[in-house]
Structure formats: structure tokens, C-alpha cells
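Remarks on the overall topology
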Amino acid sequence: MQLSPGRRLRGYTLIEVLITVFIIAVGLLSAAALQAMSKKAAFDAIQRGSANILAQDLVERLRGNAGNLASYAPNGTVTVSADALPAEQTCTADAPCTGPQLAAFDLWQWWQSLDGASERIVEGSGSTASRSNAGGLRSPTGCILRSAGSCQATIAVAWRGMTRIRQGDSDHADDPTNNSCGQTRADYEWNSGDQTSYRRVLVLQVNLGAGPCP
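The chain carries the name Type IV pilus modification protein PilV in an unreviewed UniProt entry, which gives Stagnimonas aquatica as its organism.

Okay, structure coming up:
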């Protein structure tokens with residue numbers, strides 16, 4: 001077909017195509033980055049919820065064995081972590097624990113829950129089967145702070161978050177500056193230069209009565 005002299009063919013130039021591709025690529029990359037941030041935020045929220053449940057679990061254990069508070073935290077801070085594991089304890093109906101033994105059993109069970117060892121995934125079968133912890137917190141640390149004779153205790157649970165936060169920022173809901181639980185752990189990656197860390201801390205206060213408490 002022959003075009004009349006007054007009509008021109010017009011298509012897309014290479015520059016226009018490249019600009020269109022660039023705009024689409026930027027949009028897709030932004031969507032991917034937003035999805036990654038959403039996943040991190042969701043994971044941190046799940047971890048915080050788990051930390052709250054685990055802290056409440058220890059609070060109930062303390063209330064159930066209030067006469068032996070000194071066995072949980074005699075005076076100062078007791079830390080439960082991969083670097084300070086409580087001794088394994090066994091309490092059964094046939095061989096019940098004493099109060100101090102029950103405290104040791106509670107701390108051992110608490111660590112199992114913090115580390116996710118109370119839930120295990122089995123992969124494979126037979127001699128090649130492998131077991132790994134499921135649930136729990138990422139690089140957990142548990143702390144109990146109590147002064148001798150006091151009926152009040154502070155329960156702190158620390159773990160590694162997905163993003164860095166700045167220490168000392170009063171506007172940050174996760175700022176753990178006021179509690180030192182897990183502060184020296186290398187896997188929380190404290191950076192003294194910009195005062196940031198991956199450490200998250202949840203703190204609960206528990207009052208176990210008017211006293212006196214052992």
C-alpha cells in the first residue's frame with residue numbers, strides 16, 4: 001500500500017523502549033524490596049510475640065515455686081543462654097523434685113523453649129535421620145534479675161532481630177538500652193561507631209508478694 005505524501009509512519013524509538021523498561025524495572029525492584037521489608041517486620045513481630053509468651057511462662061513458674069526464689073536468682077542477674085546453659089534436670093512423678101531442684105528444672109525447661117529444643121523437626125529416616133530445633137527465638141538469651149530478699153524480679157528475654165536498631169533512641173519501641181540482658185553477646189553485633197545492634201529485648205516485672213522472700 002502506498003502512503004500519501006501527507007502521512008508519516010511513527011513507531012517507538014529505542015530510547016522510548018529503554019525508558020519504559022527502566023520504569024518497569026524500578027517498580028518491580030521497589031515491590032520486591034517492600035516485600036522483603038514486610039517479611040522481616042512480620043518475622044520480628046512473631047519473635048516478639050514468642051518472647052512475651054516465654055517470659056510469661058517463667059513468671060508463672062516463679063509464682064508456682066515462690067518459696068524458692070533464691071534458687072532462680074540468688075542475688076543479681078542469672079543469665080540463661082547458649083554460653084551459660086543450665087544443667088539438665090529430671091523430675092518425675094516417681095522421683096519428684098525438691099523446691100531448689102524444681103527451680104533448676106524450670107530454668108532448664110525454659111532454655112529448651114527459648115532455643116526451640118522443645119519442638120524438633122526430623123529429616124530423613126533410620127541412621128541418616130537428623131533433628132533440628134523448630135520454633136524458639138533467634139540467638140536467645142534469658143535473664144532473671146532480683147535483689148536478695150526481694151519479692152520483685154525482672155524477667156528479660158533478648159534475641160537477634162532482622163534489622164539493626166539504634167541504641168538510646170527513646171522513640172524506638174524496641175530500644176533495649178535500659179536492660180543489659182545479652183548485651184555482650186557477639187552475635188547481636190553491637191557497633192560502637194553508630195550505636196546500633198540487632199539485639200531486641202522484652203522485659204517483664206513480676207511481684208510475688210509482700211515478703212519477706214528468701
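Having seen the structure, we can now continue with the description.
Our next topic: the overall build of the chain. Per the secondary structure count, the chain includes 3 helices and 6 strands. Counting from the amino terminus, helix and strand elements in the chain follow one another as α-α-β-α-β-β-β-β-β. Within the chain, buried positions represent 30% of all 214 residues. When contacts within the chain are restricted to residue pairs at least 6 apart in sequence, long-range pairs at least 24 apart make up 66% of them. With an accessible surface of roughly 13200 Å², the chain has 55% of that area assigned to carbon and sulfur atoms.

Attention shifts here to the packing of aromatic side chains. All told, the structure shown has 1 aromatic pair when counted by the stated rule. Centroid distance F105 to W108: 6.2 Å. Interplanar angle 35°. Geometry classified as tilted. Here F105 and its partner W108 are both found in helix α3 (residues 99–115), 3 residues apart, which amounts to about one turn of the helix. Note that R160 overlies the ring of Y198, its terminal NZ or CZ placed 4.1 Å from the centroid.

Moving on: the nonpolar core. By size, the foremost hydrophobic cluster in this structure holds 27 residues, and its most contacted members are L62, W110, I144, I155 and V157. When residues of this core are traced back to their parent elements, those giving at least two are α1 (14–64), α2 (69–72), α3, β5 (152–166) and β6 (196–207). The greatest single-element share of this core, amounting to 6 residues, is contributed by α1. Those residues in contact with V157 that sit more than four places away from it in its chain are A51, A55, W110, L114, L137, T141, R200, V201 and L202.

A separate point is the pattern of salt bridges. Counted under the stated rule, the structure contains 7 salt bridges. Its salt-bridge partner being E189, residue R164 comes within 3.4 Å of it at the nearest N-O pair. Here the residue R164 occupies a position in strand β5, and E189 occupies one in the loop between β5 and β6, the gap between them amounting to 25 residues. If you follow the salt bridges from partner to partner, you end up with D57, R61 and D106 in one network.

Once that is clear, we can look at the sheet that holds β6. Strands sit in the order β1-β4-β5-β6 across an open sheet of 4 strands; the sheet is antiparallel. Every other strand in the sheet has two partners, leaving β1 (76–81) and β6 as the edge strands with one partner each. When the angles between neighbouring strand axes are averaged without regard to direction, this sheet yields 25°. Where β1 lies against strand β4 (residues 141–146), 6 bridges are found, and the strand directions are antiparallel. By the bridge assignment, V78 is partnered in β4 with I144. In this fold α1 packs onto β4, β5 and β6, with an angle of close to 170° to the strand it touches most, β5. In the packing of α3 onto the sheet, contacts are made with β1, β4 and β5, and the angle to β4 comes to roughly 140°.

So, about the state of the cysteines. All told, the structure shown has 1 disulfide when counted by the stated rule. Through a disulfide, C143 is tied to C181; the S-S separation comes to 2.1 Å. As the torsion about the S-S bond is roughly 85°, the C143-C181 disulfide counts as right-handed. With C143 in strand β4 and C181 in the loop between β5 and β6, the pair connects residues that are 38 residues apart, well separated along the chain. C143 gets classed as buried once you look at its relative accessible area, which sits at 5%. The class for C181 is buried, based on a relative accessible area of 3%.

Calculation rules
Residues numbered from 1 in each chain as written. Predicted model: local features only at pLDDT ≥ 70, side-chain atom pairs only at ≥ 80, totals over all residues. Heavy atoms only, no water. Helix = DSSP H or I, 4+ residues; strand = E, 2+ residues; numbered from the N terminus. Buried < 20%, exposed > 50% of the residue type's maximum accessible area, 1.4 Å probe, protein only. Contact = heavy atoms within 4.5 Å. Areas by Shrake-Rupley, 256 points an atom, 1.4 Å probe, with all protein chains shown as cover. Phe/Tyr/Trp six-rings, centres within 6.5 Å; stacked < 30°, edge-to-face > 60°. Lys NZ or Arg CZ within 6 Å of the ring centre and 35° of its normal. Core = buried A, V, L, I, M, F, W, Y, C linked by side-chain atoms within 4.5 Å. Salt bridge = Lys/Arg side-chain N within 4 Å of Asp/Glu carboxyl O. Pairing = 2+ DSSP bridges. Axes fitted to C-alpha atoms, helices over the stretch in contact; angles between N-to-C directions. Disulfide = S-S within 2.5 Å.

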